[in-house]
Amino acid sequence: MFYSEPKILGISMASGRNRRRLVVATYAFLTIVVAALVWKPWGSVLQGPVYFLVIIFSGVSNGTFGAIVRQFTFPVRRNVIDPGLELEGHNPTVDLDPEPDERDTKIRDHAYFIAFRVIAAGLIMSFLILVIVARPDFPAHSLFTVARCIDGLLMPLAILALTLPQAIILWQQPDLITD
Amino acid sequence: MFRSTKFWHFSMAPRRNRRVMVVAVYLAIAAMPLAQALTHPTELYRNVGFMVPLILLLVARNVFGAIVPAHTWDDRRFEMADTRGVDIVSVTNPERNQKIKQIPIDPEPDERDIAVRNSIFFTAFKGIAAYSVLLWLATTAFLNPHMPYGIYGMVIIQYAMFPLMVMACTLPQAMILWDEPDLPEEA
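Figured I'd write up the structure that's included with this text. Bear in mind the structure is a predicted one, so any value in this text is a computation, not a measurement.

## Let's talk about the overall build of chain B
For chain B, the helix and strand inventory stands at five helices and four strands. The order of helices and strands in chain B, counted from the N terminus, is β-β-α-α-β-α-β-α-α. The burial tally for chain B puts 44% of its 187 residues in the buried class. Excluding contacts between residues fewer than 6 apart, the proportion of contacts in chain B whose partners are at least 24 apart in sequence is 72%.

This is the structure:
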């Protein structure tokens, strides 16, 4: 489940408290970025959603959280060439993320169970907000308001969809035993 | 895992019947936005918007939920039982009500049930995650500040949100109904 001796910026993430701080810090940062993106004060600097998604996917899912615990939603195989098995013309690789064992599968599936409930609740609430805002008799109704509202509701959901299960695992698992 | 193997007069023990039911329910759900698209395409959710989650929750609770519990939210069901064999709630004698207990209808899930449930949620989450990321990307294409598609961009996104709602409310139950093998018939 966890990579051995997980560290972020030299800080050991074996302690559950440190991992929780990391989760809080990451989401606090993402909240600021999302708020800024919805408000869009920077114009076209960060307007490209594709770049933002890449940042989330590679930076958080596979970088920050991904440095400690594997992400399973959109798994990326991480291979290294095994020098001991290197043959002429071939590059035999070793998978850094072996298949999860029974305990890991249990932890992973439980985290996804919780994550799904959170996402489902968020979606229903978002939908109801959208229905209110999209009504023509809503005071601030305009095409632009509704568009920004949809953007502001779907963006956090997309971010949670990419990061939440890992965050739950990081949050829930007890301190790791290190050498 | 399963509450009952019957829905109305139909046996839901065979997997084939459950699959037919899932397809029928989803076709009926799909008829809602389709009918709107054919009649007043730009007014989706305008008057019946609040009804959409209610209808979907109703499906999750009373249609799929008649066979398998909706685990997405607390869907435990209880029945009233009186320790003295009288199951009438007394208004004038509150002390008597304390003796009336609520007995859960759903048995506690065993280890296999929990494993199946969580595994289904793992798969369902992947589906909902992929769809929501794609939808958000589509949103930024259709609803950017220049509004290249005007009102129609928003209408497309609103229709595209509908399957997301359906997934959030019903997908894990539908997957359990679809995947689980044939069950023994109830006595």
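## Some thoughts on helix H3 (residues 102–134) of chain A
An ideal rise of 1.5 Å per residue puts 48 Å on 33 residues; H3(A) measures up with 47 Å between its terminal C-alpha atoms. Measuring from the side-chain oxygen of the N-cap residue of H3(A) to the backbone nitrogen of A:Arg103 gives 3.3 Å; that N-cap residue is A:Asp101.

## Notes on the interface of chain B and chain A
On the chain A side, the residues contacting the 46 residues of chain B number 43 residues. Between chain B and chain A, a total of about 4,000 Å² is buried, with carbon and sulfur atoms accounting for 82% of that surface. If you sort the residues of chain B by the area they bury against chain A, B:Phe122, B:Phe125 and B:Trp136 come out on top, with a joint share of 20%. Applying the counting rule to chain B against chain A returns one salt bridge. Residue B:Glu111 is joined to A:Lys106 by a salt bridge in which the shortest nitrogen-to-oxygen separation is 3.6 Å. Here chain B is connected to chain A by two residue pairs in polar contact (both at pLDDT 80 or more). Secondary-structure elements contributing two or more residues to the side of chain B that touches chain A are helix H2 (51–63), helix H4 (111–142) and helix H5 (150–179) of chain B. The element contributing the most residues to the side of chain B that touches chain A is H4(B), with 19 residues. When the residues that make up the side of chain B that touches chain A are grouped by side-chain class, the tally is 30 nonpolar, 11 polar and five charged.

## A word on the packing of aromatic side chains
Counted under the stated rule, the structure contains eight aromatic pairs over all chains. Between A:Tyr112 and B:Phe122, the ring centres sit 4.7 Å apart and the planes meet at 80°, which makes this aromatic pair edge-to-face. With A:Tyr112 in helix H3 and B:Phe122 in helix H4, this pair bridges two chains. A relative accessible area of 1% places A:Tyr112 in the buried class. Measuring from centroid to centroid gives 5.2 Å for A:Tyr112 and B:Phe125, while their planes differ by 80°, and the two rings are edge-to-face. One end of the pair, A:Tyr112, is in helix H3; the other, B:Phe125, is in helix H4, on a second chain. There is no split in this pair, since A:Tyr112 and B:Phe125 are both buried. Linked through ring pairs, A:Tyr112, B:Phe122 and B:Phe125 together constitute an aromatic cluster.

## Points about the pattern of salt bridges
Applying the stated rule across the entire model yields five salt bridges over all chains. The salt bridge involving A:Arg108 is made with A:Asp109; its shortest N-O contact spans 3.0 Å. Salt bridges sharing common partners tie together B:Arg112, B:Asp113 and B:Glu180.

## Some remarks on the nonpolar core
A:Phe52, A:Phe65, A:Ile150, B:Phe64, B:Phe125 and B:Ile128 are the most contacted members of the largest nonpolar core, which totals 93 residues. Considering each element in turn, this core owes the most residues, 17 residues, to helix H4 (residues 143–172) of chain A. In this structure B:Phe64 touches B:Met21, B:Val22, B:Val25, B:Tyr26, B:Val59, B:Thr170, B:Gln173, B:Ala174 and B:Leu177, once residues within four positions along its chain are discounted.

## Quick notes on H4(A)
Between its terminal C-alpha atoms H4(A) stretches 42 Å, which fits the 44 Å expected from 30 residues at 1.5 Å a residue. The largest bend along H4(A) measures about 50° and falls at A:Thr163, with the proline A:Pro165 one to four residues further on.

## Concerning the packing of H3(A) against H5(B)
For the pair H3(A) and H5(B), interaxial distance at closest approach is 10 Å and the crossing angle is 145°. The interaxial crossing formed by H3(A) with H5(B) has left-handed handedness. Contact residues: A:Phe116, A:Ala120, A:Leu123, A:Ile124, A:Phe127, A:Leu130 and A:Ala134 in H3(A); B:Gln158, B:Met161, B:Leu164, B:Met165, B:Met167, B:Ala168, B:Cys169 and B:Pro172 in H5(B). Classifying every residue of the contact of H3(A) with H5(B) gives 14 nonpolar, one polar and no charged.

The rules behind the values
- Residues numbered from 1 in each chain as written.
- Chains lettered and ligands numbered in written order.
- Predicted model: local features only at pLDDT ≥ 70, side-chain atom pairs only at ≥ 80, totals over all residues.
- Heavy atoms only, no water.
- Helix = DSSP H or I, 4+ residues; strand = E, 2+ residues; numbered from the N terminus.
- Buried < 20%, exposed > 50% of the residue type's maximum accessible area, 1.4 Å probe, protein only.
- Contact = heavy atoms within 4.5 Å.
- Expected span 1.5 Å × (residues − 1).
- Polar contact = N/O pair within 3.5 Å; in protein donor to acceptor, adjacent residues only side chain to side chain.
- Buried area = accessible area lost by both parts, 1.4 Å probe.
- Salt bridge = Lys/Arg side-chain N within 4 Å of Asp/Glu carboxyl O.
- Nonpolar A, V, L, I, M, F, W, Y, C, P; charged D, E, K, R; others polar.
- Phe/Tyr/Trp six-rings, centres within 6.5 Å; stacked < 30°, edge-to-face > 60°.
- Core = buried A, V, L, I, M, F, W, Y, C linked by side-chain atoms within 4.5 Å.
- Bend = angle between axes of the 7 residues up to and from the residue.
- Axes fitted to C-alpha atoms, helices over the stretch in contact; angles between N-to-C directions.
- Left-handed = near helix turned anticlockwise from the far one by under 90°.

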